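The primary structure of each chain is shown beneath.
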Amino acid sequence: ISSPEIKAIAPQLISAMTDGAQFEHITRDVLDKLLATSFVHHIDAPSLSLVCPLIHRAMKERSADMKRKGAQIVGAMVLLIKDAKDI
């Protein structure tokens, strides 16, 4: 993981991937942390592999708030993806 922004919250991202399916508040908290993050560095494939499952889960939720958060995170990150192959 080359992105320091993702590296800083990697443990929470992993926790949300493993426990977030059972406990929605864990996923919501991690999405809030991602929204509060200012992405400055390029996003690589390993970083995306941690973030994409959570965004996918957020977009599948019934809550409009979760979908909005997922869409905002995608909007903030998409400009920083250096290589299209990473997607």
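Every value quoted in this text rests on a predicted model; they were computed, and no experiment measured them.

1. A few points about the overall build of the protein chain
Each helix and strand in the protein chain was counted, giving five helices and zero strands. Shown N-terminal to C-terminal, the secondary structure of the protein chain runs as helices and strands in the order α-α-α-α-α. Computed over the C-alpha atoms, the radius of gyration of the protein chain is 12 Å, within 12% of the 12 Å expected from 2.2 N^0.38 for a compact globule of 87 residues. Projecting the C-alpha coordinates of the protein chain onto the three principal axes gives extents of approximately 30 × 25 × 20 Å. Within the protein chain, contacts between residues at least 6 apart in sequence are counted, and of these 73% link residues at least 24 apart.

2. Re helix 2 (residues 10-19)
Among all positions of helix 2, only Ala 10, Leu 13 and Ala 16 are buried. Projected onto a plane normal to the axis of helix 2, the buried residues spread over an arc of 125° and lie on a single side. Turned more than 90 degrees off the buried face of helix 2, the exposed positions are Pro 11 and Thr 18. If you follow the buried residues of helix 2, they end up packed against helix 1 (4-8), helix 3 (24-36) and helix 4 (45-60).

3. Concerning the side chain of Asp 44
With respect to the secondary-structure elements, Asp 44 resides in the loop between helix 3 and helix 4. Buried and without a salt bridge, Asp 44 has Lys 7 as its closest oppositely charged side chain, separated by 8.3 Å. Among the polar contacts listed, one links the side chain of Asp 44 to the side chain of Ser 2, at a separation of 3.1 Å.

Parameters and conventions
- Residues numbered from 1 in each chain as written.
- Predicted model: local features only at pLDDT ≥ 70, side-chain atom pairs only at ≥ 80, totals over all residues.
- Heavy atoms only, no water.
- Helix = DSSP H or I, 4+ residues; strand = E, 2+ residues; numbered from the N terminus.
- Rg over C-alpha atoms; globule rule 2.2 N^0.38 Å.
- Contact = heavy atoms within 4.5 Å.
- Buried < 20%, exposed > 50% of the residue type's maximum accessible area, 1.4 Å probe, protein only.
- Arc of directions from axis to C-beta.
- Lys, Arg positive; Asp, Glu negative; His and termini not counted.
- Salt bridge = Lys/Arg side-chain N within 4 Å of Asp/Glu carboxyl O.
- Polar contact = N/O pair within 3.5 Å; in protein donor to acceptor, adjacent residues only side chain to side chain.

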